[in-house]
Amino acid sequence: MKYGLLKYDENKRFFNVGDNIQSLAAKQFLPKVDLYLNREKLAEYEGDPMTLIMNGWFTHNTHNWVPNEKIKPVFVSFHMNNTAAPAMLSEKGIAYLKKHQPIGCRDQFTADTLKAKGIDAYFTGCLTLTLDSYKVNDSEREDKIYIVDPLYSYPRPEKIFYNAKATIRNILNGSAFKLKKKSNHLQKFISKEVLETAEFINQEPPSNTYSDSQKFEMAEELLNKYARAKLVITSRIHCALPCLALGTPVIFVNGFDSFVDSCRFDGILELFNRIDVNSQTGAYTANFELSGKIKLDTKVMNLEKHHDLANALKKAVKKNL
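It should be emphasised that the depicted structure is a prediction, and the values quoted were computed from it without experimental measurement.

Enquirer: Which parts of the structure should I look at to understand the environment of leucine 246?
Expert: Considering the arrangement of structural elements, one finds leucine 246 in helix α10 (residues 237-246). Linking leucine 246 and phenylalanine 58, residues 188 residues apart in sequence, is a C-alpha distance of 26 Å. If near-sequence neighbours (up to four positions away) are discounted, leucine 246 is found in contact with Leu131, Tyr134, Lys135, Arg141, Leu223, Tyr226 and Ala227.

Here it is in structure tokens:
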């Protein structure tokens, strides 16, 4: 049997390294990788029979769903967003998922959506919870704090001023006048010394800049950084979830207010030390003990609620490969 691994289309402006991190989570279970398959073009595959772990977000290219029958899918950590579900759950789509049920779902929203259509589905959590293979000894941990894409859904220059058309649109809709919103909100719960000394990381670099191999190298470099961090503060689930696997203290900053985002988190947010931010006012609450702001000497212990999910995921993947 041959084994495939997911790769991803870029949009016109950026790509998400978190997708590649999800593929690295799948790769560690494979005896080999014979071919990288584009997540958005699985229906077009015409090669030899191929086993493929179907984890992550499906799919932007909804008209190209379902995958070719030559692909043997392993459904764990599968997410179907609310925007894609109406098209993906056509009669053909439902029949395909029923053929390969039970479907292991990354979030409870996806599991509930599939079950409502009569598909046998269950919540698995995200496969990145199994990335403890990148874990290092605590003696290798550094005195570094990483702040990774905090409140990334807020207006930011690289998206507001991407080109002339985007600039005009964002001036007219008012987004261009909200560029200080993120820094203002972060300052409410992160101290000045942390904001000035932490290393900021962007998991959404520019498109059409890196090869697929470079993207995977970038993902591995990030995992190696997070494995050695003293603390990570992030709004990226594919930073926060790997940190749980790596044993790295992590605080998830939740400032999302759209269902497109929040449906992805159903069943996942409970795993984190979390700061929930009111995106309008910046008011926040923490589900862990936080005295004032996050400081250089702030210590948090992960909730350690992810182990049962991680162990079950490992068993499910190995069983179905």
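From this point, the discussion proceeds with the structure in view.
Enquirer: Before we go on, may I ask you to explain helix α12 (residues 307-320) in this structure?
Expert: Because an α-helix packs 3.6 residues into every turn, residues spaced three or four apart end up facing the same way. With 14 residues, α12 extends 20 Å from end C-alpha to end C-alpha; this agrees with the ideal 20 Å at 1.5 Å per step. Within the span of α12, buried status applies to Leu309, Ala310, Leu313, Ala316 and Val317. Summarising the axial view, the buried residues of α12 lie within an arc of 130°, below the 170-degree limit, and thus occupy one face. Exposed residues lying more than 90 degrees from the buried face of α12 are Asp308, Lys315, Lys318 and Lys319. Looking at the packing, one finds that the buried side of α12 touches β3 (50-53) and β8 (121-123).

Enquirer: I keep staring at the sheet that holds β3 and nothing clicks. Help me out?
Expert: Strands in a sheet are paired, the pairing made by backbone hydrogen bonds, and the direction either parallel or antiparallel. Pairing is parallel across the open sheet formed by four strands, whose spatial order is β2-β1-β3-β5. Bordering the open sheet on either side are β2 (35-38) and β5 (71-74), each of which pairs with just one other strand. Pairs of neighbouring strands in the sheet enclose a mean axial angle of 35°, with direction left out of account. As defined by bridge partners, strand β1 (residues 2-7) adjoins β2 across four bridges and the pair is classed as parallel. Looking at the pairing, leucine 5 lines up with tyrosine 36 of β2.

Rules of the game
Residues numbered from 1 in each chain as written. Predicted model: local features only at pLDDT ≥ 70, side-chain atom pairs only at ≥ 80, totals over all residues. Heavy atoms only, no water. Helix = DSSP H or I, 4+ residues; strand = E, 2+ residues; numbered from the N terminus. Contact = heavy atoms within 4.5 Å. Expected span 1.5 Å × (residues − 1). Buried < 20%, exposed > 50% of the residue type's maximum accessible area, 1.4 Å probe, protein only. Arc of directions from axis to C-beta. Pairing = 2+ DSSP bridges. Axes fitted to C-alpha atoms, helices over the stretch in contact; angles between N-to-C directions.

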